[in-house]
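One-letter residues, chain by chain:
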Amino acid sequence: MKKITNYLYYIVMAGLLVWFAYSKGWILANFTSVTPQQAIVLLENDDNITLLDVRTPEEFRSGHLRDATLIPLGKLETNLNKLAPSKNKKILVYCRSGNRSVAASRILEKHGFTPLNIKEGIVGLMGAKAEIVK
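Asks: Go over the overall build of the protein, please, and point to the residues and values.
Replies: Scanning the protein from N- to C-terminus turns up 6 helices and 7 strands. Across the protein, helices and strands are ordered from the amino to the carboxyl terminus as α-β-α-β-α-β-β-α-β-α-β-α-β. Over its C-alpha atoms, taken along the principal directions, the protein stretches across nearly 60 × 30 × 30 Å. Evaluated residue by residue, the protein yields a buried proportion of 40% over its 134 residues.

Asks: Tell me about the sheet that holds strand S6 (residues 114-118), residues and numbers included.
Replies: Ordered in space as S1-S6-S5-S2-S4, the 5 strands form an open sheet in which the pairing is parallel. Among the strands making up the open sheet, the edge pair consists of strand S1 (32-34) and strand S4 (69-70). The strands that helix H2 (residues 36-45) touches are S1, strand S2 (49-53), strand S5 (90-94) and S6; relative to S1, the one it contacts most, it runs at about 95 degrees. Packing of helix H5 (residues 99-110) onto the sheet brings it into contact with S2, S5 and S6, and relative to S6 it is tilted by some 175 degrees.

How each quantity is defined
- Residues numbered from 1 in each chain as written.
- Predicted model: local features only at pLDDT ≥ 70, side-chain atom pairs only at ≥ 80, totals over all residues.
- Heavy atoms only, no water.
- Helix = DSSP H or I, 4+ residues; strand = E, 2+ residues; numbered from the N terminus.
- Buried < 20%, exposed > 50% of the residue type's maximum accessible area, 1.4 Å probe, protein only.
- Pairing = 2+ DSSP bridges.
- Contact = heavy atoms within 4.5 Å.
- Axes fitted to C-alpha atoms, helices over the stretch in contact; angles between N-to-C directions.

Here it is as structure tokens:
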């Protein structure tokens with residue numbers, strides 16, 4: 001019985017590890033993730049960029065990047081038409097800490113967009129001294 005319990009423990013732990021790596025975009029990701037510093041450089045130097053905030057409206061009102069479009073993650077798939085003009089642009093995607101933006105990047109990639117997930121989200125962007133507006 002103890003061998004079975006140990007075996008199940010390792011199966012569950014392996015499953016949790018795979019789920020965690022997937023949710024962070026470390027595995028099975030068909031999109032690129034960039035650091036907050038790389039995102040700032042892209043925003044300053046690349047005119048072929050759209051900025052997407054996938055946080056809640058309350059989070060957005062508390063501070064966001066200038067010119068960001070707000071589409072909360074839970075409403076993204078039904079509001080992709082708002083991003084249609086950006087179909088041929090890179091879309092920098094951010095949330096608070098980088099988890100929701102991974103999920104959003106997966107949705108965007110599935111629908112033919114070119115997402116760039118910002119690691120660490122707005123928390124990392126603020127640490128990198130990005131300009132935050134209210």
